[in-house]
Every structure is written in C-alpha cells, then in structure tokens.
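# Structural features, examined
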Amino acid sequence: MNSTPITFYHSPPLVKFAVAPMLGWTDRHCRFFYRLLTKKALLYTEMFVADTVIHGIRKKLLAFSDEEHPIALQLGGSDPKKLAEAARIAEDFGYDEINLNVGCPSDRVQAGVFGACLMLHPDVVAQAVEAMKRTVTIAVTVKCRIGVDDQDEELALDFLADRVWNAGCDALWVHARKAWLKGLSPKENRDIPPLNYKRVYNLKRKYENNFIGLNGGIKSISEIKEHLRLCDAAMVGRQVYHNPIWLCLIDSEIYGEPQNNLSDHDLINAMCEYTAKHIASGGRLSHITRHMLGLFQGRDGARRWRQILSHNATKIDANVHILKEAFAAIS
Ligand SMILES: Cc1cc2nc3c(=O)[nH]c(=O)nc-3n(C[C@H](O)[C@H](O)[C@H](O)COP(=O)(O)O)c2cc1C
C-alpha cells in the first residue's frame with residue numbers, strides 16, 4: 001500500500017531531500033537502515049530495467065519493508081509500453097513514485113539506448129512519461145544530466161524539461177553535470193565532467209511552477225540549505241553511503257522536525273532484529289552489514305568495526321553476534 005499521496009511534489013511540495021538511486025548500494029536493506037536515521041528523506045531504489053521488472057522474479061526484485069516509505073522505484077528503459085507496464089507492477093507493489101533514469105552512462109545502458117543516451121531523445125522520454133502517467137496514479141519523475149557529450153547544455157536541458165512537463169512529469173531531478181558517453185567509466189562520469197549548479201538554478205528560474213531537484217557533489221547540510229534557496233530539493237548519493245549517520249540531521253535541519261534521537265544502541269538493536277529475520281529467511285549477514293561500514297566514521301573503534309564487518313560478517317554462517325561484536329568495539 002502506498003502511504004504517500006501524489007501531491008507530495010505539488011502545492012506545497014513535501015519533498016526537500018532524497019537519497020539518490022545507486023546500483024548495488026540502495027537495495028532494500030540499505031534503505032531500511034537509512035529509514036531508521038531519517039523519517040523524512042525520500043528513498044530511491046537502484047535502477048531496474050523495465051524488462052527485468054516485467055519478466056523477472058518480482059517478489060525477489062521489488063519487495064520492500066513498509067517502513068521504507070516514502071520510496072521511489074527507478075526504472076531504466078526507453079520503450080513507453082514496457083515502462084508503463086513496469087510502472088503498473090511497481091504501483092501494485094506499493095511504491096510511491098516511479099522515476100525514469102535519463103542519467104546513467106554505462107556501456108550496458110548505452111547498448112540498450114536508455115539512461116543518459118535519452119538526453120539525445122527528449123521525445124522518447126516524453127512518450128515514456130506520458131505512457132506511465134496514463135497507467136499509474138503515483139508520481140512519475142525523471143532523473144537526468146544537464147546534457148551529454150557536446151550537446152549545448154542550455155538547449156538540451158530546456159528541451160528535455162519542456163517535453164517532460166508537457167507529458168505530465170511530476171518532478172525533474174538533475175545531476176548537475178554532463179555525462180560523457182565515450183571514454184569515461186560510469187565512476188569517472190560522476191566526478192570528471194564539471195558540476196554546473198547554476199545551470200540547474202536557471203532551469204528552476206525558468207520553470208518556477210515545476211518541481212526541480214538538484215543532485216551532484218553535495219557534502220554538507222549547509223550546501224543543501226544553499227541549494228534549497230534556489231531549487232526545490234537536494235538529492236545526495238555518495239556522501240550518505242560513506243557517512244550514513246549524517247542522515248540523522250536531515251529531519252531537524254532540513255524539515256524542521258524534531259531531532260532524531262535514536263541512540264547507537266537502539267539503532268544497532270533495530271538492525272540486529274531486522275538482520276536476524278533476514279538470516280532466518282535464508283539471507284546473509286553481509287547483505288545488510290556491507291551498507292553499515294561507514295556508520296561510525298571518525299569515532300574511536302571505527303577501524304575495528306569496519307574490520308570485523310568486512311572480514312567476519314562475510315562468512316557463510318555469520319550471524320547477528322558478529323554485528324554485536326563489531327559494535328562492542330565502538331561502545
Ligand atoms: C555506486 C553508484 C551507483 C549508482 N547507480 C545509479 C543508478 O542506478 N541510477 C541513477 O540514476 N544514478 C545512479 N548513480 C548516480 C547517483 O544517483 C548520483 O547521481 C551521483 O552519485 C551524484 O550524486 P552524489 O555526488 O551525491 O553521489 C549511482 C552512483 C553510485 C556512486
């Protein structure tokens with residue numbers, strides 16, 4: 001059941017902060033962990049290819065915990081019919097939003113002509129958004145770059161924005177750098193093309209009634225606040241993953257809600273309880289603890305915490321005692 005109304009992007013928008021979609025990282029265990037740290041952040045899944053959603057083992061791919069709301073499923077693809085079908089399946093699963101990936105530059109994605117390549121095909125993006133909007137009642141959004149390769153970033157981004165607003169898109173999340181489709185790895189494409197926040201601010205100035213979120217290179221709460229003066233929301237990826245405790249500040253500093261006062265003990269106990277259930281249903285400890293390595297960054301015992309989780313938690317019969325043992329190094 002989805003708990004968040006579609007209006008969460010509209011008058012006035014409820015979204016100010018999101019954790020970015022990250023393949024291999026923001027899986028359901030990672031998101032459950034993050035939700036203990038922030039009640040307010042919008043959480044994105046990893047990208048799922050529409051064909052995989054349609055033909056794969058849905059329960060395994062798409063299931064998530066009720067606690068994870070609000071949660072957005074990111075789709076990759078370019079066939080409007082398939083995307084609409086995948087969106088319908090996701091809505092049935094209870095997701096609050098569907099997001100179309102128009103920013104990923106990997107070779108795999110380029111071979112399938114989706115992800116960042118779609119910056120070159122704004123009409124296809126618009127058709128996909130329209131098809132999904134016709135099919136589902138939850139929010140449909142797009143995550144894009146400011147352009148690819150030698151595209152004129154002024155023209156390319158406005159062109160895409162125009163098309164998707166006309167198609168009914170509820171929000172545009174912009175990773176504020178170009179993707180260079182040839183010659184850079186996906187990792188390099190997250191660092192080497194220069195950030196251009198001004199371009200996103202200008203987009204917001206032009207489309208003041210549309211929801212525009214900014215992503216890329218954000219490392220501090222003060223940077224988020226700065227971006228919020230000039231666009232609607234900020235999305236953060238790597239900073240959250242490497243230093244998740246930072247999420248504890250989001251509800252109070254960004255949403256003006258009470259500070260998250262969850263103690264280290266309560267947090268670890270909640271994760272132990274969740275992990276025990278996962279192991280009892282055939283899962284591995286490391287599926288969960290791999291997302292927790294950065295939790296105590298900068299604290300006494302953090303190195304030992306990481307060592308225990310990196311080495312012992314990966315053993316086939318590892319159980320929650322390893323997590324408790326690692327935590328003892330901190331407390
Ligand atoms: C490991 C990893 C996987 C990623 N996978 C995706 C993805 O599946 N879909 C997507 O739109 N972006 C993906 N990204 C890009 C992030 O969503 C984000 O746009 C990028 O990291 C820039 O934000 P940041 O500087 O806050 O990390 C990924 C990034 C990382 C580090």
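Residues numbered from 1 in each chain as written. Predicted model: local features only at pLDDT ≥ 70, side-chain atom pairs only at ≥ 80, totals over all residues. Heavy atoms only, no water.

### A few points about unusual backbone geometry
Most peptide bonds take the trans form, and the phi angle of most residues other than glycine is negative. For the peptide bond that leads from His 69 to Pro 70, omega is -10°, which places it in the cis range. With respect to the helices and strands, Pro 70 occurs in the loop between α3 (58-62) and β3 (71-76). (Helix = DSSP H or I, 4+ residues; strand = E, 2+ residues; numbered from the N terminus.)

### Examining the sheet that holds strand β4 (residues 97-102)
Strand order in this closed barrel of 8 strands is β1-β2-β3-β4-β5-β6-β7-β8, and the pairing throughout is parallel. Taking the axes of each pair of neighbouring strands and ignoring which way they run, one obtains an average angle of 25° across the sheet. Of the pairings in the sheet, the one linking strand β5 (residues 139-145) to strand β6 (residues 171-175) comprises 5 bridges and is parallel in character. Its bridge partner being in β6, Cys 144 is matched across the sheet by Val 174. Relative to β3, helix α4 (residues 80-93) is tilted by about 155°, and along the sheet it contacts β3 and β4. Its contacts with the sheet put helix α8 (residues 197-206) on β6 and β7 (212-215), and the angle it makes with β7 is roughly 175°. (Pairing = 2+ DSSP bridges. Axes fitted to C-alpha atoms, helices over the stretch in contact; angles between N-to-C directions. Contact = heavy atoms within 4.5 Å.)

### Some points on the pairing of β5
Consecutive side chains of a regular strand alternate in pointing toward one face of the sheet and then the other. With respect to burial, β5 is a largely interior element, 7 of its 7 residues being buried. In the classification by handedness, the crossover that spans β5, the intervening helix α7 (residues 153-166) and the parallel β6 is right-handed. (Buried < 20%, exposed > 50% of the residue type's maximum accessible area, 1.4 Å probe, protein only. Right-handed = clockwise from strand over helix to strand, strands pointing away.)

### Considerations on the environment of Asp 96
On the secondary structure map, Asp 96 appears in the loop between α4 and β4. In this structure the C-alpha to C-alpha distance between Asp 96 and Ile 138, which are 42 residues apart in sequence, comes to 5.8 Å. A polar atom in the side chain of Asp 96 sits 2.7 Å from the side chain of His 69. Here the side chain of Asp 96 touches Ile 71 through a polar contact of 2.7 Å, landing on its backbone nitrogen. (Polar contact = N/O pair within 3.5 Å; in protein donor to acceptor, adjacent residues only side chain to side chain.)

### Digging into the side chain of Asn 189
Here Asn 189 lies in the loop between β6 and α8. Setting aside anything within four residues of it in sequence, one finds Asn 189 in contact with Pro 105, Arg 145, Arg 177, Lys 178, Ala 179, Trp 180 and Leu 184.

### Observations concerning the site of the ligand
Lining the immediate environment of the ligand, one finds 17 residues, of which Pro 21, Leu 23, Gln 74, Asn 215 and Gly 217 sit closest. Backbone polar atom of Met 47 to an oxygen atom of the ligand: 3.4 Å apart, as the coordinates give it. In this structure, Gly 237 approaches the ligand through a main-chain N or O atom, which is 2.8 Å from an oxygen atom. In the complex, 92% of the free accessible area of the ligand, which totals 610 Å², lies under the protein chains. When the residues that make up the shell around the ligand are grouped by side-chain class, the tally is 7 nonpolar, 7 polar and 3 charged. (Near = heavy atom within 4 Å. Areas by Shrake-Rupley, 256 points an atom, 1.4 Å probe, with all protein chains shown as cover. Nonpolar A, V, L, I, M, F, W, Y, C, P; charged D, E, K, R; others polar.)

### A short note on helix α14 (residues 302-311)
Those residues of α14 that sit buried are Ala 302, Trp 305, Ile 308 and Leu 309. All buried residues of α14 project into a common sector of 130° when viewed along the axis, lining one side. Residues of α14 that are exposed and point more than 90 degrees away from the buried face comprise Arg 303 and His 311. Buried residues belonging to α14 abut α12 (264-280), α13 (285-289) and α15 (320-328). (Arc of directions from axis to C-beta.)

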